[in-house]
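# Geometric and topological summary
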Amino acid sequence: MSGHSKWANIKNKKEKSDAKKGKIFTKIGREIAIAVKMGGPDPSSNSRLADMIAKAKANNMPNDNITRSIKKAAGDVDTSNYEDIVYEGYGPCGVAVIVEATTDNRNRTAGDIRHFFDKFGGNLGTQGCVSFMFDKKGVIVIEAENVKDADELMMDALDAGADDFSSDAEMCEILTTPENFSAVRQSLEDKGYVFASAEIEMVPQTTTKIDDPEQAILMEKLIDNLEDNDDVMEVYHNWDNGEA
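All figures in this text were calculated on a predicted structure; none of them were measured in a lab. (Residues numbered from 1 in each chain as written. Predicted model: local features only at pLDDT ≥ 70, side-chain atom pairs only at ≥ 80, totals over all residues. Heavy atoms only, no water.)

## Points about the nonpolar core
Just so we agree on the cut-off: We call a set of buried Ala, Val, Leu, Ile, Met, Phe, Trp, Tyr and Cys residues a nonpolar core when their side-chain atoms join them within 4.5 Å. Burial classes: relative accessible area under 20% of the type maximum marks a residue as buried, over 50% as exposed, and values in between as partly exposed (1.4 Å probe, protein chains only). Put simply, DSSP H or I for four residues or longer makes a helix, DSSP E for two residues or longer makes a strand, and each gets a number counted from the N terminus. Pairs of residues are marked as contacts when any of their non-hydrogen atoms sit within 4.5 Å.
Membership of the largest hydrophobic core comes to 20 residues, with the highest contact counts inside it found for Val97, Val99, Ile113, Phe117, Met219, Leu222 and Leu226. If you list the elements that add at least two residues to this core, you get strand S1 (83–90), strand S2 (96–103), helix H5 (106–119), helix H8 (213–228) and strand S8 (232–237). The leading source of residues in this core is H8, at five residues. When residues no more than four places from it in sequence are discounted, the contact partners of Met219 are Gly91, Pro92, Val95, Val97, Ile210, His237 and Trp239.

Okay, structure coming up:
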């Protein structure tokens, strides 16, 4: 299990202010638009779009917003050349950090990312410098209070092609390969399960603790500033912040 801190991060995102939620919706809208341009507006034949819709719903994005984003992308003649870029580096105390961004201006985004690493006690590294410490996994999280029978959920997930299942008093977590993620997500969605989170993520193989409180504050600021950047879609790290 990617752990209690994962669940704490999900709850923290859901409790963010309306302004923060608006920014999250804008970012997901961009991801939906890219998915539409790559594979068309029909989620039944565009698995990337179907995955983005699931992500949007897990983040409480209204259905009207989702539909509007799809329609806008389908009829959009804007040829803005957005590209996906991954940045890797180290935060305070050697914490490994991976930043996934989508941008139409590579120089602007790289400058912003480097500035945050420098400002908050880290350093931006080269491609591949920390990604070997992570595994790419499909991660589906369901709140335990929304699960009638954890054993039944486990069987449903494994039958659909999931690799692993774990649960505790707060959450149930399903892990898949990236290739099986869409099929498992769709199967569970068809059975009526409601996701707290459903995404393909970089899951750390091991975690790093920060014992110095000042360094921990810098690490938290680094994550917050990266996540607040308009071009940044996701931030992954192996910091064990002790949240449960």
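## Section: unusual backbone geometry
The residue Asn60 is not glycine, and still its phi comes out positive at about 65°. Of note, Asn60 is situated in the loop between helix H3 (47–58) and helix H4 (63–75). Relative accessible area serves as the criterion here: at 49%, Asn60 is assigned to the partly exposed category. In this model, Cys93 sits at a positive phi of 60°, which is unusual for a non-glycine residue. Turning to its location among the elements, Cys93 is positioned in the loop between S1 and S2. Judged by relative accessible area, which is 44%, Cys93 ranks as partly exposed.

## A closer look at the side chain of Asp51
Mapped onto the elements of the fold, Asp51 is located in helix H3. By relative accessible area, Asp51 is classed as buried at 9%. Those residues in contact with Asp51 that lie beyond four places of it in its chain are Phe181, Ser182 and Arg185.

## Considering the pattern of salt bridges
Note the cut-off: A pair is scored as a salt bridge if a Lys or Arg side-chain nitrogen falls within 4 Å of a carboxyl oxygen belonging to Asp or Glu.
Scanning all chains against the criterion turns up 12 salt bridges. The closest approach of N and O atoms between Asp84 and Arg48, which form a salt bridge, is 3.5 Å. Highlighted residues: Asp84 in strand S1 and Arg48 in helix H3, separated in sequence by 36 residues. Owing to a relative accessible area of 31%, Arg48 belongs among the partly exposed residues under this scheme. A salt bridge links Arg108 to Asp104; its shortest N-O distance comes to 3.1 Å. Among the residues examined, Arg108 registers a relative accessible area of 35% and is labelled partly exposed.

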